[in-house]
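Take a look at the letters that make up each chain.
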Amino acid sequence: MSPPVQTDPKQKFLTYYRYALWALIIIVNLLLHALGVHYTAMIFIANVMFFTMQGEPWRKYWEVLVGGAVGIFATYAMLRSIMWLTPYVGELIAFVIPLAIILFVLIVLHPKVPVLFNNVGFAYLLACTINMEAFMMHFWAHVITFVIGTAVLNAVCIFMMKPVAALAKPRNSSGASPAS
């Protein structure tokens, strides 16, 4: 199936880029599955966050990578704190204290240091608590999968932009790009 014919260069680029992303994500999923890599959702959550954020691609790249890592390590610290505090203050208070601190940091300090404290960190706080036992047992597998997978996949998405833009560039009737 070929992309629909587009006359607007921006729309043509977006159409081609979506096809390229679709193919890339399928290939990455196949590769990760064949290699037996676990916790791949850590990569694809970051990829979704990358495309839903506003701004320059490399700024978004770093905000996703750093913010996600902050969220992952904050979740680990929160869960360890809960386990340590519970015998002393009870389950409810042991849950609320670290959660309140982490949410304060992510929400209130966001405007001060957005690359560290952002919605990506909050998303990973949520994602890592879906299965807390697996997260804590395989913490470093989560971290390594996130860091390497996110760094590579989102960088490839950025590097794909230039060749896709060249492909989508308007051409004259002879197939050559018009002179600038």
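Residues numbered from 1 in each chain as written. Predicted model: local features only at pLDDT ≥ 70, side-chain atom pairs only at ≥ 80, totals over all residues. Heavy atoms only, no water.

Asker: In this structure, what is going on with the overall build of the protein? I would like to understand it.
Answerer: Helix and strand content of the protein: 8 helices and 0 strands. Listed by position from the N terminus, the elements making up the protein come as α-α-α-α-α-α-α-α. For a compact globule of 180 residues, the expected C-alpha radius of gyration is about 16 Å, and the protein comes in at 21 Å, more than 25% above that figure. Each of the three principal axes of the protein carries a C-alpha extent, and together these read 80 × 40 × 20 Å. Across the 180 residues of the protein, 35% fall into the buried class. Expressed as a percentage of contacts within the protein between residues at least 6 apart in sequence, the contacts between residues at least 24 apart total 69%. The centroid of the 10 positive side-chain charges in the protein is displaced by 16 Å from the centroid of its 5 negative side-chain charges. (Helix = DSSP H or I, 4+ residues; strand = E, 2+ residues; numbered from the N terminus. Rg over C-alpha atoms; globule rule 2.2 N^0.38 Å. Buried < 20%, exposed > 50% of the residue type's maximum accessible area, 1.4 Å probe, protein only. Contact = heavy atoms within 4.5 Å. Lys, Arg positive; Asp, Glu negative; His and termini not counted. Charge placed at Lys NZ, Arg CZ, Asp CG, Glu CD.)

Asker: Would you take a moment to explain helix H5 (residues 119–128) for this structure?
Answerer: Spacing of three or four residues puts side chains on the same side of an α-helix, whose turn is 3.6 residues. All of the buried residues along H5 are Val120, Gly121, Ala123, Tyr124, Leu125 and Cys128. Its buried side turned inward, H5 meets helix H2 (41–52), helix H3 (57–89), helix H4 (91–108), helix H6 (132–137) and helix H7 (139–159). Its side-chain oxygen placed 2.9 Å from the backbone nitrogen of Val120, Asn118 serves as the N-cap of H5. (Polar contact = N/O pair within 3.5 Å; in protein donor to acceptor, adjacent residues only side chain to side chain.)

Asker: What's the story with the nonpolar core in this structure? I'm lost.
Answerer: Among soluble globular proteins, nonpolar side chains are generally buried collectively. With 30 residues, the main nonpolar core has Tyr61, Val64, Ile72, Tyr124, Phe135 and Phe146 as its most contacted residues. When contributions to this core are tallied by element, the ones reaching two or more residues are H2, H3, H4, H5, H6 and H7. When residues of this core are assigned to their parent elements, the largest contribution, 9 residues, is made by H3. Formed by 13 residues, the second largest nonpolar core is a distinct cluster that contains Tyr17, Leu24, Ile43 and Phe44. (Core = buried A, V, L, I, M, F, W, Y, C linked by side-chain atoms within 4.5 Å.)

Asker: For this particular structure, what's the right way to read the packing of aromatic side chains?
Answerer: The description of two aromatic rings rests on the distance between their centres and on the angle between their planes. If you walk through the whole model with that rule in mind, you get 13 aromatic pairs. On the numbers, 5.0 Å between centres and 90° between planes, the contact of Tyr61 with Trp62 is edge-to-face. The class for Trp62 is partly exposed, based on a relative accessible area of 46%. On the basis of an interplanar angle of 85° and a centroid distance of 5.6 Å, the ring pair of Phe135 and Phe139 is categorised as edge-to-face. In terms of burial, Phe135 and Phe139 fall into one category: buried. Ring-pair connections join several aromatic residues into one group, and the members of that group are Phe73, Tyr76, Phe135, Phe139 and Trp140. Over the face of the ring belonging to Phe50 we find Lys60, whose NZ or CZ atom lies 4.7 Å from the ring centre. (Phe/Tyr/Trp six-rings, centres within 6.5 Å; stacked < 30°, edge-to-face > 60°. Lys NZ or Arg CZ within 6 Å of the ring centre and 35° of its normal.)

Asker: For this particular structure, what's the right way to read the environment of His33?
Answerer: Topologically, His33 is positioned in helix H1 (residues 9–35). On the basis of relative accessibility, which here comes to 68%, the residue His33 falls in the exposed class.

Asker: Help me out: how do you make sense of the pattern of salt bridges in this one?
Answerer: Here the idea is simple: oppositely charged side chains can pair when their charged atoms come close. Taken as a whole and judged by the stated rule, the model has 1 salt bridge. Among the ionic pairs, Glu63 bridges to Arg59, the shortest N-O distance being 2.7 Å. Of this pair, Glu63 and Arg59 are both found in helix H3, 4 residues apart, which corresponds to roughly one turn of the helix. Its relative accessible area of 10% is what places Glu63 among the buried residues. Given the relative accessible area of 33%, Arg59 is considered partly exposed. (Salt bridge = Lys/Arg side-chain N within 4 Å of Asp/Glu carboxyl O.)

Asker: Can you help me understand the packing of H1 against helix H8 (residues 161–168) in this one?
Answerer: Think of two packed helices as two axes; the pair is described by the angle between the axes and how far apart they sit. Look at H1 against H8: their axes get within 9 Å of each other, and the N-to-C directions meet at 130°. When the axes of H1 and H8 are compared, the pair comes out oblique. Helix-helix and strand crossings are classified by hand; for H1 and H8 the assignment is right-handed. Between H1, through Pro9, Lys12, Phe13, Tyr16, Tyr17 and Ala20, and H8, the contact on the second element is made entirely by Met161, Val164, Ala165, Leu167 and Ala168. (Axes fitted to C-alpha atoms, helices over the stretch in contact; angles between N-to-C directions. Parallel < 35°, antiparallel > 145°, perpendicular 65-115°, else oblique. Left-handed = near helix turned anticlockwise from the far one by under 90°.)

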